[in-house]
Amino acid sequence: MSAILVKIFATALTLSQVLATPEAVKTSFDPVQDREEVAGILKLGCAHMRRAFDIEDINLDDLITTAMDDPQAVAGDLKILKGLSFGDLHASYRLFCKNETVEPSPVDLGEVIAYYNKAVADLPDAGQLKGLRLPGTSVILDGSGRRFAEVYEPDHRRMWVPLADIPKSVQQAFVSAEDKRFYQHSGVDERGVIRAFMNNLTDPGRPAGGSTITQQVAKNLLVGDDVTYDRKMREMIVATRAEKLLSKAEILEIYLNSIYLGRNSWGIEMAAQSYFGKSAKALSVAEGALLAGLAKGPNYYNPDTQPERARDRMAYVLSRMQEDGFLDAEQVRQAIAALPPRIPFERPRRDGGFYFVDHLKRDARSLAGVESLTAGSYTVRSTINADLQRDTEAALQEGLARYEMSIGRQRFQAAETNLAEAVKALAGGPSDDGAPPWRGALANARLPLYDVRWPAAVVIETGRGGKKGAGVLRVGLPDGRVLPLNAWEAARRDLKLYDVVRVRVVEQKGKGAVRADLRVPPSVQGGAVVLENRTGRILAMAGGFSYPLSQLNRVTQAHRQPGSAFKPMVYLAALSKGLQPNTLLWDAPVTLPPVNGSSAAREQDYWSPKNYDGGGGGIVTLRRALENSKNLVTARLLDGGIEADPARSLRDVCDLALEAQLYLECTPHYPFVLGAQPVRILDLAAFYAAIANEGAMPVPHVVESIEEQGRRVYSRKTQSPVRLGSADAAAFYQLKSMLQGVLERGTARNLKALAPYVGGKTGTSNDENDAWFVGFSNDVTVAVWVGHDNADGKRRTLGRGQTGAKVAAPIFKDIMEAAWKSHIPKTPLSPPSPQAAKQLVALPIDLNSGDRLTNGERGAFTEYFRLNWFGRLSETQYRLVPQDQVYAFRNPDPWSDGDDFGTSSPYEDAPYMPGQSWLDSFRQNAPVQRRPESGGRWWWEDEPRSRPHRVDPDYPWGYQRVY
C-alpha cells in the first residue's frame, strides 16, 4: 500500500469520525482487533460525504468516472495527488462507499491504523481555549500623553477586544468569507471541504484547505501550521472538541482577535487602527469587508501594493454577505464603489528608550501586580520625556566615543552590515524618485544597532584602484547627501564598498564644508538618568551604550563605587552638626586609628588616605575643600568635625546614607567616606535631588498609571518627597551652595558657564575605574557614570587622568542643556526657601581665608551662615583649627586643588592625628558656655541628636528601607 494512500485513509478515518460521530472520536485503535470497526467507520463516513456531494449538486460517480478516464484532468497540478494510484482509489471507493467486494483489498487497515495512532497521539487540550486571552500589545504613553512605545511579543501585536465591541457587519463579513456554515457545523464542515476540493481542481494556483473558523483557531493556537496530513488530522479532532467546550461566540471572538491581517497587525482591533486609524467598533461595512478579505492572504491581497486584487476580494466578500442575506443589493453597490481610504502605514519600529521600558515593565510587576505587560492590552502612562530621552542617549553615546578617541582606544572591528547585494538587486529596476540604488538599499536596511543615534551611512566610493583622488572615502547619507568620511587609517583599510557605518556629521566652521566623522561602538560603558526633583519622575534613562549590545541597565541594575561623588554626604553630616562653610581645616596628611579600637591593632590597621594629586593644600575652608574634592579634609571631618570619635562619625554618615536610601546595609569603614562602597546611579541621583530640594527626597518612578480596557488597575498615589530628618533645610542649602561652587571654581570648573544654574559634584574611584558627575538644576537632577563593566572579574581603568570632570562632566553638560531645551527653561539656582532662610544669614567673606568682611571690599563672596537657636550667628571658623595655627601655617596660595604640587606636600610637618587629636585639646581648653535653658545639649557635644526613623511603604524596588 502506497504511503500517500495510507495518509489519505488515515485522514478519511479522522474525517469520518468527526462528521459521523463527533461525540465519540477515538484517537487509538488496535491494528489487528479493530480492523472491522475502522472499516465500519470509513463506510459511515463515506455515506455522510456522499450526501454532502448531493447537497452541493456534484455527482460523485461521474467525477470518479472522469478521473479514471483521464487522471490528469482531475489531478492537474495538485501536489497532494501526485503519485496517487487512481485504480487503488477507485477500488477503495467501491469497497467502502459502494459496499462491493474487492479482492485483493487495496487498503491495509493495519497500516492505516498504525499511522493514525501515531499522528493523533498526545493531542493538545482544547480546554486551553476556554477563557483564553492571547498575548497583547500594551501602549506606553510619555509624560505628555503621547504614544511612546508598544510592548508585545513577536507575532502577537494585538489588542484584545470583546466580541460585543465588534460590529455585526464585521463579524458577518468574516463568517461569509471564511466559513459560511459556521453556525451550523460542529467544528468541521464537510461541504466546505468539498467546495475547497472542487475549487482546487479548477484553480490549483492558490489551493484552499476547506478549514472552518474553528479549525483555523485550533491550527493557529494549539496544533501548529505544518502543511502535513498529520496536522490536518489533529486540527480536525481538536476543532471538534473545541466546539463541545466553547460557544460559537467564544470561538469567533478568539478567531477575530488572533488572525493576522497584515501591516504587522494581529486581530481585528489592531488591524482597524493600523489601516483606518479607528477602533474596530467604528468600522464600516466596506472596511470590515476589506479586512475580512485579507484573512485568506494578507500579502496577496494587500491593498497598499495590490489594490486591484484587494478590491476584487472585497467585492467577493460583499457578494457572499448578500448571498447569506446580510446585505441587500444597494448596500453592496455603495460599499463596492471603491476601496475605503486608509491611513499611511507606519511600521512600528522604536529606536530608543529600551532600558526605560525594561525598567517600566519591572515596576509594573512590582507596583501594580501586572505580571507581564504582554499578557493583555494595557495603557501605561509613564514619566518619560521622549525628546529628552533621545538627547540623553545621543549625549551618552557621543561622550563614550569621544572619550575613547581622545585616548586612542577606539577600534574598528567591522561594518554594521554590507549592502552590496541589496544595491545590486535595486540597480536593475526603476526608481520612483530617481534616487541611486544605494539610497534605497540604505532606507530598507534593518540595522543591528537600531538605537544608536549617529546616522547610518553607506560607503559609495573607496578611492582605490588608481582613480583620481585615491584614498578618499565618500559615504552616502539617508537624506541623499554624499560626504567625505574622516576616519583613522586602520578603519580606512578595512572599509569596503557599500559597507554601512555610523557617522557624526560635522559642519566645519568658517569653511562651509561638511564632513562625516566615523563613529564605532566603544568598549567602555556608561549610564545616565534624568530625575525630576520635586516629583521623582524619571524623565530619561540610558542604561548603556546600546541595548542590542547589552541589556544590563547600569542605572538600576549595577552598583559602582561613587568616589568623590559621595563626599557631599559627609559634608552634609558636618554641616548638620553646625559647622559653617567657612570653617577652617587642615588639608594635610592624617592617620586615623582602627574603627574597632583594638589595642592589638597593627600598623596596617590605621588609615592614611591621600589626595588625588598626592599632595596637600595647607589650611582650607570647608567650602573650598569640597569644591576641590580634598580627600584629606574629608577624612579629618571624621575626627571632630562630625563627632569627637571617628568611629561614631562613621556611624553618623552611615545612618545618613541609609536614610537617603543609598544602601541596604552600611559597613562603617574609613574608605566608605571617600566613595568606596558601591551605589546605584539612580539612588545617588535621588540623593542629589534631595539636596536641590533642601532635604526633601523624591521617590524615583516611571509609572503614573496603568489601565486595561478603560479600567484603571494602578494609579500612583500623589505624595510629597520624604524629608531626610538627619539634616535640616539650612544644612542642605549650605551644601547646595557649596556644590554650586564646584562648577564655579572647583573640580568641575570646565562647566563654569553652567555655575549660576547648576550645582554638582565630580567623582572618580580608585585607579580611575569609575568616572561620575552628578548635578542638579532647580528642576532636574542628572547623574552620569562612565566605566568598564569588568564582567571578567578584572577591574579596567579608564586611564590616568580620566576623571569625572574630564569624562563624565561633558556628557552631563549636554544632557542638562537638552533638559532646558525640551523640559523646562533654564533659571538660576533658587535662593533659600522661607524655611531655610529663617535659619540662615548671608554675609560677605573672603573666599580663600573664610574671614568675614565688613568694609565692602571688592571680590567679596556672599556666604550663608547658620543661626543658632537664639537667632545668633554661630562662629565656627577656628573651631577645628585654632587661630594661632592658621596664622602660623597660612600659605600665600593654599587654595589650589592640589594640581600644582607633586606627590609630596609642602606641609609635611603639619599636625597628624594618632592618639589624642589636637581638636580634643582645643575642646578641653575651650571656655565653658552656658547650656540652653531647656536642658538640651550643644551641637558639638558627644551624644548625637536623635533622628526620626520612618519606613517608606512605596519604595519601588521591592524592599523597605528604614530611615
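Provided above is the structure to which this section pertains.
(A) Representation of the packing of helix H9 (residues 213–223) against helix H11 (residues 248–258) within the structure. Across the interface, H9 lies against H11 with an axial gap of 10 Å and an inter-helix angle of 55 degrees. Looking at the two axes, H9 sits oblique to H11. The hand of the H9/H11 crossing is left-handed. Between H9, through Ile213, Thr214, Gln216, Val217 and Leu221, and H11, the contact on the second element is made entirely by Ile251, Leu252, Ile254, Tyr255 and Ser258.

(B) Spatial organisation of the sheet that holds strand S1 (residues 138–141). The strand order across the open sheet built from five strands is S2-S1-S3-S15-S16, with neighbouring strands paired in mixed fashion. Lying at the two open borders of the sheet, with one neighbouring strand each, are strand S2 (147–151) and strand S16 (711–715). Taking the axes of each pair of neighbouring strands and ignoring which way they run, one obtains an average angle of 20 degrees across the sheet.

(C) Main features of the environment of Leu388. Considering the arrangement of structural elements, one finds Leu388 in helix H17 (residues 386–406). Each residue touching Leu388, except ones within four places of it in the same chain, is listed here: Val530, Leu539, Ala540, Ile815, Ala818, Ala819 and Ser822.

(D) Representation of the pairing of strand S7 (residues 482–486) in the model. Pairing geometry for strand S6 (residues 474–476) and S7, over three bridges, is antiparallel. When the sheet's bridge partners are listed, Arg474 is paired in S7 with Pro484. The loop that links S6 with its antiparallel partner S7 comprises five residues; one of these, Gly480, has a positive phi angle of about 95 degrees. With two bridges connecting them, S7 and strand S9 (residues 514–519) associate as parallel partners. Bridge assignment links Asn486 to a residue of S9, and that residue is Asp517.

(E) View of the pattern of salt bridges. Tallying each qualifying case throughout the model produces 48 salt bridges. For Asp142, the salt bridge goes to Arg146, with nearest N and O atoms at 3.3 Å. Owing to a relative accessible area of 47%, Arg146 belongs among the partly exposed residues under this scheme. Overlapping salt bridges bring together Arg623, Arg624, Glu627, Arg745 and Glu863 as one network.

(F) Up close: helix H23 (residues 631–641). The element H23 is extensively covered by neighbouring structure, given that 11 of its 11 residues are classed as buried. Listed in full, the buried residues belonging to H23 are Asn631, Leu632, Val633, Thr634, Ala635, Arg636, Leu637, Leu638, Asp639, Gly640 and Gly641.

(G) Just the packing of aromatic side chains, in detail. Counted by the stated rule, this structure contains 18 aromatic pairs. Seen in terms of ring centroids, Phe687 and Tyr688 are 5.9 Å apart; in terms of plane orientation they differ by 85 degrees. Their pairing is edge-to-face. With respect to class, Phe687 is no different from Tyr688; both count as buried. With 5.0 Å between their ring centres and 80 degrees between their planes, Tyr733 and Tyr864 make a pair best called edge-to-face. With Tyr733 in helix H26 (residues 729–745) and Tyr864 in strand S22 (residues 861–866), this pair connects stretches of sequence that are 131 residues apart. Its relative accessible area of 7% is what places Tyr733 among the buried residues. Among the aromatic side chains, those forming a connected cluster through ring pairs are Phe354, Tyr355, Tyr450 and Tyr547. For the cation-ring pair, Arg313 lies above Tyr301, with the distance from its terminal atom to the ring centre recorded as 5.5 Å. One Lys or Arg, Lys826, reaches over the ring of Tyr757 and ends 4.7 Å from the middle of that ring.

(H) Structural view of the environment of Arg311. Assignment of secondary structure puts Arg311 in helix H14 (residues 307–323). Take Arg311: its relative accessible area is 34%, and that puts it in the partly exposed class. Each C-alpha atom of the pair Arg311 and Ile336 lies 7.8 Å from the other, and the pair is 25 residues apart in sequence.

(I) Geometry of the pairing of S9. By the bridge criterion, six bridges tie strand S8 (residues 499–507) to S9 in an arrangement that is antiparallel. Directly across from Val506, in S9, lies its bridge partner Arg515.

(J) Quick look at H14. Given a rise of 1.5 Å per residue, 17 residues ought to cover 24 Å, and the 24 Å separating the end C-alpha atoms of H14 matches this to within 8%. Looking at the buried side of H14, the elements it contacts are helix H7 (168–178), helix H13 (285–294) and helix H15 (329–335). Following H14 by one or two positions, Gly325 adopts a phi angle in the positive range, close to 80 degrees.

Parameters and conventions
- Residues numbered from 1 in each chain as written.
- Predicted model: local features only at pLDDT ≥ 70, side-chain atom pairs only at ≥ 80, totals over all residues.
- Heavy atoms only, no water.
- Axes fitted to C-alpha atoms, helices over the stretch in contact; angles between N-to-C directions.
- Helix = DSSP H or I, 4+ residues; strand = E, 2+ residues; numbered from the N terminus.
- Parallel < 35°, antiparallel > 145°, perpendicular 65-115°, else oblique.
- Left-handed = near helix turned anticlockwise from the far one by under 90°.
- Contact = heavy atoms within 4.5 Å.
- Pairing = 2+ DSSP bridges.
- Salt bridge = Lys/Arg side-chain N within 4 Å of Asp/Glu carboxyl O.
- Buried < 20%, exposed > 50% of the residue type's maximum accessible area, 1.4 Å probe, protein only.
- Phe/Tyr/Trp six-rings, centres within 6.5 Å; stacked < 30°, edge-to-face > 60°.
- Lys NZ or Arg CZ within 6 Å of the ring centre and 35° of its normal.
- Expected span 1.5 Å × (residues − 1).

Scope: geometric values only; no functional claims are made or implied.
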